[in-house]
Amino acid sequence: MDASAIATLVIFIVSIGFVIHPVSIPTRNRSIPHLHVNLTTAPILAIAILWASQCIDAAVIRNGIVGTGGVKPYNILILFFTLAYMAITLDTTGILEAAAFWVSNKGGSNGRKSYFYFYVMLTLLSILLGNDPVILSGTAFLAYYTAAARVEPMPWLMSEFAAANTASMVLFVGNPTNVVICEGFSVNNAAYTAYTILPFIACNIVCFGALAGQYHSDRHVPRSLDNKADVDPRSALRNVTGAWVGSVILGSALVVCLVVSFFGVDVWKISLPFAVSKFIFDLASDHYRVTRHQSHNRPQGGLPSKKLPMALFHLPLILPKRFHIHQLPKRSSHWVRTRLSTLNARLHVHFPTFFTALPRLPFALVPFAFSQFILIQALAHQGWVDIFAGWLVKATNKQMYPTIWLVGVLGVILCNVAGTNIGATILLTKIVNAAALPSHSARAAAIALAVASNIGAVSFTFSASLAGLLWKDILAQKKIFVKQREFAYRNCLPLLVMTVTGLAVVCAEMAVLYRSSGA
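Residues numbered from 1 in each chain as written. Predicted model: local features only at pLDDT ≥ 70, side-chain atom pairs only at ≥ 80, totals over all residues. Heavy atoms only, no water.

A. Helix α17 (residues 400-417), seen in detail. The end-to-end C-alpha distance of α17 is 25 Å, a good match for the 26 Å that 18 residues give at a rise of 1.5 Å each. Taken residue by residue, α17 has M400, T403, I404, V407, G408, G411, V412, L414, C415 and N416 as its buried positions. (Helix = DSSP H or I, 4+ residues; strand = E, 2+ residues; numbered from the N terminus. Expected span 1.5 Å × (residues − 1). Buried < 20%, exposed > 50% of the residue type's maximum accessible area, 1.4 Å probe, protein only.)

Put into structure tokens, the structure is as follows:
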């Protein structure tokens, strides 16, 4: 083991440290007053340092982007982004809020019943849409709901967080980690759901039991709520046609992706056309609604009506990151700012669906995911992955049941200390493949990792998943501040029971499937 290999491991660990605990370094540059070393920048800086010190070369960076061993990072990101766009634009129609109001009405003033109904609703929505759209809308709604009902918000919000991240293990598109596992272990997308459905059901049931026991007091979930009146769920729908069309397009995309996976077709080639068709529909639908509104409200003199809400024009200015207004002469900068502000406002008004969904897309995932692939490829280049694989073989003797428990427990732990569940999944996928386990042990490791990478988000650090960081930011905007210690304490019991139960069910599944193998 030479100095380059040791330096690569140390820099990788340090970059993960900054992902978990971001820092802001002040600078003397007025245009960039602070240098933020966080989830987006730390892995990129680590790659730059490794490249400058010649610990890695261009071939390692290329392999990290293009992929090796059956894992294709660009395939994963295209698939995830296209499905995320369809899910988020569906959410902008108000369909998730409508579902939440419907559940609230069903629960009525019964606090225990409402708590259970919300858990079930968030679980079902997360299965279909993935955890991120549900976290985006569900967190904001529950913050509003708990304030209106005058109840402690944290039991409801922790239930939402656990339900969303547990349910994301069911479909291969529910979480980027699922796609990594399907690609890395050559698991058929439909077979993936068949493997994970039973562990999910078990985890979902014991998780709710743990939450119900943890918050059994009326102080947390009261028996009676201050629920004054029902709200018509249809009033939350902002675009009924868009909700129907979006549901059909997303549902069709998921079904077709599952079917074509049997024929060895890259599923991003299916999801991309569906996303493009949804994008075209969004633009056409918004254009039709705006022009129809203007024609119906145009006075006889031909001048445009003033009935469009003027608040829509007071929108934040979006400028390229490298563009600085102060670099231009004062008059020119004012002219440029005015024109860009006007253009920005007009686009938001004319195409509200796309420009509402655009900032909600997980763009931070792109540099982070590629950086993680490159850094783990750097570890493989320096021989660390082979060393870790050797340790795995010694610890498990390539036996199936020890592999399930070791990979599963390590997966949960590494979600907290290896740069989110994405980094943990990429690393463990590489290690298991390098260990050259027997087919039944490798498949068991894949399913154990699928369980761990999803429930591992319900963990001790916010950075265990991108959903955790998103959840924390949304709550801060709602003036609900959650400390790291409180988050870890509230997740201890649900995580413990889900880990034990989920991995035990995986063992039972593998015992039935491979009982004739003698494993």
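Moving on, there is more to tell.
B. How the structure looks around the packing of helix α10 (residues 189-214) against helix α19 (residues 439-455). At their nearest, the axes of α10 and α19 sit 10 Å apart, and the two run at 45° to each other. By the angle between their directions, the pair α10 and α19 is classed as oblique. Of the two elements, α10 crosses α19, and the hand of that crossing is right-handed. In contact with Y192, Y195, T196, P199 and C203 of α10, α19 contributes R443, I447, A450, V451, N454 and I455. Each residue belonging to the contact of α10 with α19 can be placed in one class, and the counts come to 8 nonpolar, 2 polar and 1 charged. (Axes fitted to C-alpha atoms, helices over the stretch in contact; angles between N-to-C directions. Parallel < 35°, antiparallel > 145°, perpendicular 65-115°, else oblique. Left-handed = near helix turned anticlockwise from the far one by under 90°. Contact = heavy atoms within 4.5 Å. Nonpolar A, V, L, I, M, F, W, Y, C, P; charged D, E, K, R; others polar.)

C. Seen up close, the environment of P153. You can see P153 is positioned in helix α8 (residues 153-167). Judged by relative accessible area, P153 falls into the partly exposed class, the value being 21%. Every residue in contact with P153, bar those within four places of it in the chain, is listed here: T146 and I480.

D. Highlighting the nonpolar core. Counting residues in hydrophobic clusters, the biggest one holds 143 residues, and the most contacted among them are F118, I404 and W471. Ignoring anything within four residues of it in the chain, the contact list for W471 reads I135, T139, M154, L157, M158, E160, F161, F462, V482 and F487. Residues F81, A84, Y85 and L361 belong to the second largest nonpolar core, which totals 8 residues. (Core = buried A, V, L, I, M, F, W, Y, C linked by side-chain atoms within 4.5 Å.)

E. How the structure looks around the packing of helix α6 (residues 111-129) against α8. Running from N to C, α6 and α8 cross one another at 30°; their axes reach a closest spacing of 8 Å. Classified by the angle their axes make, α6 and α8 are roughly parallel. As α6 packs across α8, the resulting crossing turns out to be right-handed. From α6, G111, S114, Y115, F118, Y119, L122, T123, S126 and I127 reach across to α8, where they touch P155, W156, S159, E160, A163, A164 and A167.

F. Geometry of the pattern of salt bridges. Within the structure shown, the criterion is met by 9 salt bridges. Put simply, R234 and D232 hold a salt bridge, and the shortest N to O gap is 3.4 Å. Salt bridges sharing partners connect three or more residues here, namely R112, D218 and R223. (Salt bridge = Lys/Arg side-chain N within 4 Å of Asp/Glu carboxyl O.)

G. Inspection of a nonpolar patch on the surface at higher detail. Together, Y401, W405, V409, I413, V417, L496 and V500 make up a nonpolar patch on the protein surface, roughly 590 Å² of accessible area in all. Within the residue set of the nonpolar patch, elements represented by two or more residues are α17 and α21 (484-513). A total of 5 residues in the nonpolar patch trace back to one element, the largest contributor, which is α17. Mapped onto the elements of the fold, V500 is located in helix α21. (Patch = residues over 30% accessible without salt bridge, like charges linked within 9 Å, V, L, I, M, F, W, Y side chains within 5 Å. Areas by Shrake-Rupley, 256 points an atom, 1.4 Å probe, with all protein chains shown as cover.)

H. Here's a closer look at unusual backbone geometry. For Q54, which is not glycine, the phi dihedral falls at a positive 65°. Here Q54 is to be found in the loop between α2 (42-52) and α3 (58-66). With a relative accessible area of 68%, Q54 lands in the exposed category. Of note, S186 is a non-glycine position whose phi angle comes to about 55°, a positive value.

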